[in-house]
Amino acid sequence: QMSSPPSNGGPVDSFGWVKLVPVLKIRCVAAYFLHQALSPLKEEAWISCLAVEMATSLLQSLNRSRKVAELSVKNEDLAHAFQEAMLSEWGDDDEMGEEALVNIARLSQTQGSAMFFLTQTSGATQASIWLLSALFEFKEESPDASAWDRESFAAPHLLEIIKDVLHKFVESEAREGQRVDPNVWRNTTESGVKVALYCTSFASVVVELLN
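Below you will find a few notes about this structure. Computed from a predicted structure; not experimentally measured. (Residues numbered from 1 in each chain as written. Predicted model: local features only at pLDDT ≥ 70, side-chain atom pairs only at ≥ 80, totals over all residues. Heavy atoms only, no water.)

### Comments concerning the pattern of salt bridges
This model, assessed by the stated rule, comprises 5 salt bridges. Close ionic contact of Lys168 with Asp164 constitutes a salt bridge, the shortest N to O distance being 3.2 Å. Pair noted here: Lys168 and Asp164 are both in helix 7 (residues 150-176), with a separation of 4 residues, about one helical turn. Among the residues examined, Lys168 registers a relative accessible area of 26% and is labelled partly exposed. We classify Asp164 as partly exposed; its relative accessible area is 24%. Notably, a salt bridge pairs Arg175 with Glu176, separated by 3.8 Å at the nearest N-O pair. Overlapping salt bridges bring together Arg66, Glu70, Asp164 and Lys168 as one network. (Salt bridge = Lys/Arg side-chain N within 4 Å of Asp/Glu carboxyl O. Helix = DSSP H or I, 4+ residues; strand = E, 2+ residues; numbered from the N terminus. Buried < 20%, exposed > 50% of the residue type's maximum accessible area, 1.4 Å probe, protein only.)

Here it is, written out as structure tokens:
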């Protein structure tokens, strides 16, 4: 429901979308922290206890989170709702000066729907990489014939994510990179992303993939 506008045959109820903005923001933030909570999966002790059913379930959940967020980044109704919510916080737009409207347009790059959903997308992607890399690199100390093949399970999923992320990163950087202030690239690793672009949002993910 987050990724597509209501289809009732009539115009989209923008006010209804605006009322959902606080909930969507909270869910995006919650999803991001849940993704970060999976970072201990990089440790070998966790992976040795992870059954194939649980690994499959985790990966499917992360993929759903990533795909819903990717669709939501492109959803114009959500973008409009987030902007309307910011306008309502600033007051009646008829009484606003030009400077206030410019500030709101600028804030849309840092607090709009794209920023929230790109952060969720990158978080889900990074968590998937942690999980799959740990599975791929895991080596049994005493191999058991009944143990499942973690490396064979992880390899195709990991390669698919690597190709997808690098392809989209290169496309985004070529299209939008020249407009990005050099300080923004530093901020991607120092203090968080400052603009809602794929290339800056996924800079830390790409660095981890290359490492």
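### With respect to the packing of aromatic side chains
In this description, a pair of aromatic rings is defined by centroid distance and the angle of the planes. According to the stated counting rule, one finds 5 aromatic pairs in the structure shown. Ring geometry for Tyr198 and Phe202: centres 4.1 Å apart, planes at 5°, overall stacked. Take Tyr198 and Phe202: they sit in the same class, and that class is buried. One aromatic cluster in this structure is built from Phe82, Phe116 and Phe117. (Phe/Tyr/Trp six-rings, centres within 6.5 Å; stacked < 30°, edge-to-face > 60°.)

### Description of the nonpolar core
Counting residues in hydrophobic clusters, the biggest one holds 30 residues, and the most contacted among them are Leu132, Leu135, Phe153 and Val165. Elements with a contribution of two residues or more to this core: helix 3 (52-73), helix 6 (113-137), helix 7, helix 9 (198-201) and helix 10 (203-210). Counting 10 residues, the second-largest nonpolar core is a separate cluster that includes Phe82, Ala85, Phe116 and Phe117. (Core = buried A, V, L, I, M, F, W, Y, C linked by side-chain atoms within 4.5 Å.)

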